[in-house]
Amino acid sequence: MNKRGHVLNAIVLSVGLACLAHPSLDAATVRAAVAIGVPVTLGALIPDVDTAFGTHRKTLHNLPVLLLFFVYPFYFGNLQFVWIGVATHYVLDLFGSKRGLALLYPLDRAEFDVPVGVSARSRYAGGLMVLITAFELAVAAALAYDLPRRLVASGLRASGLA
């Protein structure tokens, strides 16, 4: 996936996440879209910094880097949504392109790939990015709405209250 695809994915995903968080579509939704969108977009661009140093799709395209961005906010109190951009960058590169990612780098240089991607220059790259973004939003919606409901229902059944 190219930088344009990563940025478009981040923006659409951020607006979708803001709408999930504030479905009233008012000023709170707009504020959430900006609050989520800026760090997610920055996170979506960070992995490609490894084109300037290191080895592209290895140095900054791996699970240890994602883990670093995930735990960073717990220690420093900022950059809460950057990890989402980094993660979606990986998802787009893994499912939206023909080349794999060295997810376990630096422990293992082997690249993992999924045989459904297209070339970044393909006329299908934009459509595939839209499909991947829609899937990401569906997962976010399931996590935000359905999973908590199911967990509560299971807990009530297990306790004999339902």
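This text gives an overview of the structure that appears in the document. (Residues numbered from 1 in each chain as written. Predicted model: local features only at pLDDT ≥ 70, side-chain atom pairs only at ≥ 80, totals over all residues. Heavy atoms only, no water.)

Side note on the nonpolar core
Okay, so step 1: Leu60, Val65, Leu66, Phe69, Val82, Val86, Ala87, Tyr90, Leu94, Leu101 and Leu103 together form the largest nonpolar core, which totals eleven residues.
Okay, so step 2: Sorting the residues of this core by element identifies helix H3 (63–76) and helix H4 (82–96) as the ones contributing at least two each.
Okay, so step 3: Broken down by element, this core gets its largest block of residues, five residues, from H4.
Okay, so step 4: Contact partners of Val65, with chain neighbours within four places excluded, come to Thr59, Leu60 and Tyr90.
Okay, so step 5: Grouped together as the second largest cluster of nonpolar side chains are eight residues, Ala10, Leu17, Val40 and Ile84 included. (Core = buried A, V, L, I, M, F, W, Y, C linked by side-chain atoms within 4.5 Å. Buried < 20%, exposed > 50% of the residue type's maximum accessible area, 1.4 Å probe, protein only. Helix = DSSP H or I, 4+ residues; strand = E, 2+ residues; numbered from the N terminus. Contact = heavy atoms within 4.5 Å.)

So, H3
Okay, so step 1: Over its 14 residues, H3 extends 20 Å from the first C-alpha to the last, a length consistent with the 20 Å expected when each residue adds 1.5 Å.
Okay, so step 2: Where H3 bends most, the angle comes to about 25°, and this point is Phe70, followed within four residues by the proline Pro73.
Okay, so step 3: Burial in H3 covers these residues: Val65, Leu66, Phe69 and Pro73.
Okay, so step 4: Along its buried surface, H3 packs onto H4.
Okay, so step 5: Sitting at the amino-terminal end of H3 is Asn62, which places a side-chain oxygen 3.0 Å from the backbone nitrogen of Val65.
Okay, so step 6: Gly77 lies just past H3 and shows a positive phi near 75°. (Expected span 1.5 Å × (residues − 1). Bend = angle between axes of the 7 residues up to and from the residue. Polar contact = N/O pair within 3.5 Å; in protein donor to acceptor, adjacent residues only side chain to side chain.)

A word on the pattern of salt bridges
Okay, so step 1: A complete count under the given rule lists three salt bridges for this structure.
Okay, so step 2: As a salt-bridge pair, Arg57 and Asp93 come within 3.5 Å of each other at their nearest N and O atoms. On the criterion of sequence distance, the pair formed by Arg57 in the loop between helix H2 (27–45) and H3 and Asp93 in helix H4 is long-range, its members being 36 residues apart. A single burial state applies to Arg57 and to Asp93, both of which are buried.
Okay, so step 3: Of the charged contacts, one joins Glu111 and Arg99 as a salt bridge, the two residues approaching to 3.2 Å between their closest N and O atoms. Residue Glu111 is located in the loop between H4 and helix H5 (125–159), and its partner Arg99 is located in the loop between H4 and H5; the two are separated by twelve residues in the primary sequence. (Salt bridge = Lys/Arg side-chain N within 4 Å of Asp/Glu carboxyl O.)

What about unusual backbone geometry?
Okay, so step 1: Looking along the chain, the bond that leaves Tyr105 and enters Pro106 is cis, with omega of 10°.
Okay, so step 2: On the secondary structure map, Pro106 appears in the loop between H4 and H5.
Okay, so step 3: In this model, Leu79 sits at a positive phi of 65°, which is unusual for a non-glycine residue.
Okay, so step 4: Relative accessible area serves as the criterion here: at 36%, Leu79 is assigned to the partly exposed category.

Considering the side chain of Asp50
Okay, so step 1: With respect to the helices and strands, the residue Asp50 is situated in the loop between H2 and H3.
Okay, so step 2: One buried charge, Asp50, has no salt-bridge partner; the nearest side chain with opposite charge is Arg57, at 7.4 Å.
Okay, so step 3: Separated by 2.9 Å, the side chains of Asp50 and His61 make a polar contact.
Okay, so step 4: Look past the residues within four positions of Asp50 in its chain and what remains in contact with it is Thr55, His56, Arg57, Lys58, Thr59, Leu60 and His61. (Lys, Arg positive; Asp, Glu negative; His and termini not counted.)

Thoughts on H4
Okay, so step 1: Its 15 residues give H4 an end-to-end C-alpha distance of 20 Å, which sits within 8% of 21 Å, the value for a rise of 1.5 Å per residue.
Okay, so step 2: Listing the buried residues of H4 in full gives Val82, Ile84, Gly85, Val86, Ala87, Thr88, His89, Tyr90, Leu92, Asp93, Leu94 and Gly96.
Okay, so step 3: Check the buried side of H4 and you find it contacts helix H1 (3–21), H2, H3 and H5.

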